[in-house]
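Per-entry structural report
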Amino acid sequence: MSTLAPARSHSHLVAESAPQRPLFHSPQHRQTFSGLRKYRRWDDLDTLYFFGCALRTYLSVPFLFSRLKLLQVSRVQDLGQTLHGLTVEFPTYYESHGPRQTFFFDDSGLLRRHDYCAEIVGSWAQGSHYSDDYEEVGGLQLAHKRWVVARVGHQPTPIPVLHARLGTITVT
């Protein structure tokens, strides 16, 4: 039985069934989303690339902030509370949704909303990613409930894009 695991070195993407046994290989995979090719039907490698970039970002926040350029500090009312926002710019070598993203934290410091444009999908792919139902696991606060809604400008809409409920999380 094979399992897919991304082996990444910046934009070089390889999916392996076992060490040194590539199933897929794509150097500079992000570039395959340029021009009209971005509107193609995604294959397994495209999906692995997108979710690999997303998970890398989600699991790295807030540890990344010392390496990012701070563009703006803001406050918004959302989810019935005041959220404190940091708009940051990612370096060009860091593959994520896009170079400019805003992270909103509640008064206790938990990430509640993450605004971004999924550029490989298109400039219209603006989303607000919400996180809730946190649990302490191995000294880290991890969200079990996540959902993404479409966003118009800075305003989240009620249009759902993704809803995920994570089960048991362990840290080893």
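Preceding block: the structure.
Structure report, in brief. Numbering of residues starts from 1 in every chain and runs along the sequence as written. At least 70 in pLDDT is required for a residue's local features to be given in this predicted model, at least 80 for side-chain atom pairs to be given and counted, and no such filter applies to totals for whole chains, interfaces and linings, which use all residues. No hydrogens and no water enter the side-chain calculation; it runs on all heavy atoms of the structure.

Digging into unusual backbone geometry
The step from V61 to P62 runs through a cis peptide bond, and the omega angle for that step is 5°. For helices the rule is a DSSP run of H or I covering at least 4 residues; for strands it is a run of E covering at least 2, with both sets numbered from the N terminus onward. Along the chain, P62 falls in the loop between α1 (44–60) and β4 (69–78). Of note in the backbone geometry, L79 takes a positive phi value of approximately 55° without being a glycine. Relative to the helices and strands, L79 resides in the loop between β4 and β5 (81–89). What makes L79 partly exposed here is its relative accessible area of 42%. For D133, which is not glycine, the phi torsion reads 55° and is therefore positive. Relative to the helices and strands, D133 resides in strand β8 (residues 126–137). Using a 1.4 Å probe on the protein chains alone, a residue whose accessible area is under 20% of its type maximum counts as buried, one over 50% counts as exposed, and one in between counts as partly exposed. You can call D133 partly exposed: its relative accessible area is 33%.

As for the layout of surface pockets
A volume near 1,100 Å³ is recorded for the largest pocket. Method remark: on a 1 Å grid restricted to protein atoms, a set of points is classed as a cavity if a 1.4 Å probe fits but cannot get out and as a pocket if it is open with protein on both sides within 12 Å along at least five of seven lines; lining residues have an atom within 4 Å of a point. Lining of the largest pocket is provided by 38 residues; of these, A54, Y58, H129, S131 and R146 occupy positions nearest its centre. Take the lining of the largest pocket: its biggest share by element is 7 residues, from strand β9 (residues 140–152). Partitioning the lining of the largest pocket into residue classes produces 29 nonpolar, 8 polar and 1 charged. In this structure, the second largest pocket spans a volume of roughly 430 Å³. Secondary-structure elements contributing two or more residues to the lining of the second largest pocket are β4, β6 (100–105), β7 (111–117), β8 and β10 (155–165). Just so you know the grouping, Ala, Val, Leu, Ile, Met, Phe, Trp, Tyr, Cys and Pro go in nonpolar, Asp, Glu, Lys and Arg go in charged, and all remaining residues, Gly too, go in polar. A breakdown of the residues in the lining of the second largest pocket according to their chemical character gives 6 nonpolar, 10 polar and 5 charged. Grid points are joined across faces, edges and corners, and a volume is the space filled by probe spheres set on the points.

Quick look at the pattern of salt bridges
The rule for a salt bridge is simple: a side-chain nitrogen of Lys or Arg has to be within 4 Å of a carboxyl oxygen of Asp or Glu. Evaluation of the coordinates by the stated rule reveals 6 salt bridges. A salt bridge links D106 to R112; the shortest N-O distance between them is 2.9 Å. For D115, the salt bridge goes to R113, with nearest N and O atoms at 2.7 Å. There is no split in this pair, since D115 and R113 are both buried.

Overview of the side chain of R112
Within the secondary structure layout, R112 lies in strand β7. Among the residues examined, R112 registers a relative accessible area of 13% and is labelled buried. Separated by 2.9 Å, the side chains of R112 and D106 make a polar contact. We define a polar contact as two N or O atoms separated by no more than 3.5 Å, with the added condition that, inside protein, one atom must be a possible hydrogen donor and the other a possible acceptor, whereas residues neighbouring each other in sequence contribute only through side-chain atom pairs. Only 2.7 Å separates the side chain of R112 from the side chain of D132, close enough to count as a polar contact. Every residue pair with non-hydrogen atoms within 4.5 Å of one another is taken to be in contact. Aside from chain neighbours lying at most four places away, what touches R112 is L79, Q81, L83, F104, F105, D106, H129, Y130, S131, D132, D133 and Y134.

Describing the packing of aromatic side chains
Two measures describe an aromatic ring pair: the distance that separates the ring centres and the angle between the ring planes. Here a pair means two rings of Phe, Tyr or Trp (six-membered ring of Trp) with centres within 6.5 Å. Their orientation is stacked below 30 degrees between planes, edge-to-face above 60, and tilted elsewhere. Using the criterion set out here, one finds 6 aromatic pairs in the structure. Linked through ring pairs, W42, F50 and F51 together constitute an aromatic cluster. Two limits define a charge over a ring: the Lys NZ or Arg CZ must be within 6 Å of the ring centre, and within 35 degrees of the ring normal. Over the ring of F104 we find R113, and its NZ or CZ is 4.5 Å from the ring centre. If you follow K145 out to its NZ or CZ, it ends over the ring of W147, 5.1 Å from the centre.

The analysis is restricted to geometry; functional conclusions fall outside its scope.
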